[in-house]
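The chain contents come next:
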Amino acid sequence: MKAEELRSKTPDQLRDSLIQLKKEAFNLRFQQATNQLENTARMRAVRRDVARIKTVLNQKAAEAAK
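Residues numbered from 1 in each chain as written. Predicted model: local features only at pLDDT ≥ 70, side-chain atom pairs only at ≥ 80, totals over all residues. Heavy atoms only, no water.

> So what exactly am I meant to see when it comes to the overall build of the protein here?
Assigned secondary structure in the protein consists of three helices and zero strands. Along the protein, helices (α) and strands (β) appear in the sequence α-α-α when read from the amino end. Whereas a compact globule of 66 residues would reach a radius of gyration of roughly 11 Å, the protein reaches 14 Å, over 25% beyond that. Judged by the C-alpha coordinates and their principal axes, the protein covers about 50 × 15 × 15 Å. Evaluated residue by residue, the protein yields a buried proportion of 23% over its 66 residues. Sequence separation of at least 24 residues holds for 65% of the intrachain contacts in the protein that already meet a minimum separation of 6. Counting every atom, the protein has about 5200 Å² of accessible surface; 49% of that belongs to carbon and sulfur. When the 15 basic and 8 acidic side-chain charges of the protein are each reduced to a single mean position, those positions are 6 Å apart. (Helix = DSSP H or I, 4+ residues; strand = E, 2+ residues; numbered from the N terminus. Rg over C-alpha atoms; globule rule 2.2 N^0.38 Å. Buried < 20%, exposed > 50% of the residue type's maximum accessible area, 1.4 Å probe, protein only. Contact = heavy atoms within 4.5 Å. Areas by Shrake-Rupley, 256 points an atom, 1.4 Å probe, with all protein chains shown as cover. Lys, Arg positive; Asp, Glu negative; His and termini not counted. Charge placed at Lys NZ, Arg CZ, Asp CG, Glu CD.)

> Mind showing me how you'd approach the packing of helix α2 (residues 11-33) against helix α3 (residues 41-65) here?
Angle between the axes and distance between the axes are the two parameters that describe a pair of packed helices. In contact at an axis separation of 9 Å, α2 and α3 are set at 155 degrees when each is read in the N-to-C sense. Taken together, the axis directions place α2 and α3 in an arrangement best described as roughly antiparallel. Crossing of α2 against α3: the hand is left-handed. In this structure, α2 contributes P11, L14, R15, S17, L18, L21, K22, E24, A25, L28, R29 and Q32 to the contact, and α3 contributes R42, M43, V46, D49, V50, I53, K54, V56, L57 and K60. (Axes fitted to C-alpha atoms, helices over the stretch in contact; angles between N-to-C directions. Parallel < 35°, antiparallel > 145°, perpendicular 65-115°, else oblique. Left-handed = near helix turned anticlockwise from the far one by under 90°.)

> Explain the nonpolar core here, please?
General note: in soluble globular proteins, nonpolar side chains tend to be found buried as a group. With 13 residues, the main nonpolar core has L14, V46 and I53 as its most contacted residues. Where this core is concerned, the elements lending two or more residues are α2 and α3. Tallying contributions element by element places α3 first for this core, with six residues. (Core = buried A, V, L, I, M, F, W, Y, C linked by side-chain atoms within 4.5 Å.)

Below is the structure:
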């Protein structure tokens, strides 16, 4: 997921994406704990996508506050 794609979305769409990614991260942690996780790199990608979304949301909030 690229930051440019995220900036074109509305804050509601970003929050929905954030919820989905957090659910996925939760499921990935469970898979790792039970040794069922095949793609360990996905955990890192999800974590970074969450950070990207949070950053864009904060930027949009700062713009709105001006």
